[in-house]
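Observations on the three-dimensional arrangement
One-letter residues, chain by chain:
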Amino acid sequence: MNENFRFTPIQKLLQNEALKPYPHLLKVHFARAIVAQCRKNKEFLDENALILRIQDALLKFDRRDFQSLINATGVILHTNLGRSLIDKQSFEACKNLLCSYSNLEFDLKSGKRGSRYGVVLEKLKILFDCEDALIVNNNAAAVFLVLNSLARDAELITSKGELVEIGGGFRMSEVIRAAGSRLIEVGTSNKTHLEDYAKALSESTALILKTHKSNFTLAGFHGEVGIEDLGALARKRGLWCYYDLGSGWCGKLESSLAKNEPEIKKVLKHCDVLSFSGDKLFGSVQAGIILGKSALIDKMRQNQLLRMLRVDKITLAFLNESLRAYLEKSYAKIPTLKLLNDDLAAVKKKALWAQARLKITSALKTSRSLVGAGSMPGKSLPTAVLALEGEALCLQERMREKNIIARVEDGRAVLDFRSVLEEELESLVGGINAL
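Here goes a summary of the coordinates provided. (Residues numbered from 1 in each chain as written. Predicted model: local features only at pLDDT ≥ 70, side-chain atom pairs only at ≥ 80, totals over all residues. Heavy atoms only, no water.)

It is worth spelling out the environment of Ile135 at this point. If you trace the backbone, Ile135 turns up in strand 2 (residues 132–136). Among the residues examined, Ile135 registers a relative accessible area of 0% and is labelled buried. (Helix = DSSP H or I, 4+ residues; strand = E, 2+ residues; numbered from the N terminus. Buried < 20%, exposed > 50% of the residue type's maximum accessible area, 1.4 Å probe, protein only.)

Next comes the structure, spelled out in structure tokens:
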């Protein structure tokens, strides 16, 4: 009988009432895919069973789409959850700009073509008191552009202990080689001295590179050379000094986090070029921000790679609003800074508000929150969590169905309120109570 089985025609499946709410292209795609899969697996399903299978595929497709989540992990800059947040007031300002034509590359005074970067670069130069600046699409791109522009076909000296690997398996040593520089490693994995750099200098040396160890820590017998000494050595020998800061901070930062963590404006004084990520501790959008001497930034502007690495108007609009907030010292408009700077009492207040309204039994506890995004390893902030009663992994999975991302700690599913926004509290409580 199965050899003579005929599947319901695709056209008939598409006319089924249950599939009417879905877009035609999606219905066609999944109907064909399901029928083909059934044929391959020799599953002889009738029309109703096929419709159920197609509906399930469409629902799973929708579930995979981008959607907002409540971050109750306590990790402020959670890379998997989108890192830095955008302030709603800043978003509204950008929305008005992006939903109409703008002077992105138009000079209103002359009526001629203008620079897409001018407005943002001016703010960067004022904020960081630097000669010039440049913006590319992320800090990895910034590193590549700097090295390709300043040390292509030349020697680059850096510490063996700073040849880091970032997420996705991208290694600094490979980026250096891909940029066309000849890598000269000095020191050891745990200790590098100033004389190691000095001994390695030659007529072929173009640049000294320092990379901030933002995503790991060294403990025990270790040491590194500070940017102050490296900058002085570079100036003495007529070389350039570049600091790949990665995740630098600006403005206001909780004292325990700020300790021994480089502040962008301060370290910039000791090097010729510096770059950092826009969406880490700076709390803005993804971008690679390069600051430094005008002559060196000009070399990067003339590099043909810049066109491939440039950012679009959306990035520039949001970055511009972040810079405006920094210049006005309106740090509350930088959500990342606000969450990092909140004291324990403010976090506990959110936790108690939620606990009083949750139907599930929970215990209020103190714990520690992480910064995230490869920033400040080994450092954490005090936080208040609710440890939920019940099987931890099961609860964690069911909360994900409600777009609530929690963590497991000491065998309990916990909600960390340092990373939960005030305006999300009602949704969080409603989602958990709906379980």
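On to the pairing of strand 10 (residues 288–292). A regular strand carries its side chains on alternate faces of the sheet. Burial runs high along strand 10: 5 of the 5 residues are buried. Pairing of strand 2 with strand 10 involves 5 bridges; the strand directions are antiparallel. Bridging across to strand 10, Ala133 finds its partner in Leu291. Relative to strand 10, strand 9 (residues 273–277) runs antiparallel, the two sharing 5 bridges. Bridge pairing links Leu274 to Leu291 in strand 10. (Pairing = 2+ DSSP bridges.)

A word on the packing of aromatic side chains. Within this structure, the stated rule accounts for 10 aromatic pairs. Seen in terms of ring centroids, Phe5 and Phe7 are 5.1 Å apart; in terms of plane orientation they differ by 85°. Their pairing is edge-to-face. By relative accessible area, which is 26% here, Phe5 ends up partly exposed. On the basis of an interplanar angle of 15° and a centroid distance of 4.6 Å, the ring pair of Phe282 and Tyr326 is categorised as stacked. Of this pair, Phe282 sits in the loop between strand 9 and strand 10 while Tyr326 sits in helix 14 (residues 313–327), placing them 44 residues apart in sequence. For Phe282, a relative accessible area of 0% corresponds to the buried category. In this structure an aromatic cluster arises from ring pairing among Phe128, Phe276, Phe282, Tyr326 and Tyr331. (Phe/Tyr/Trp six-rings, centres within 6.5 Å; stacked < 30°, edge-to-face > 60°.)

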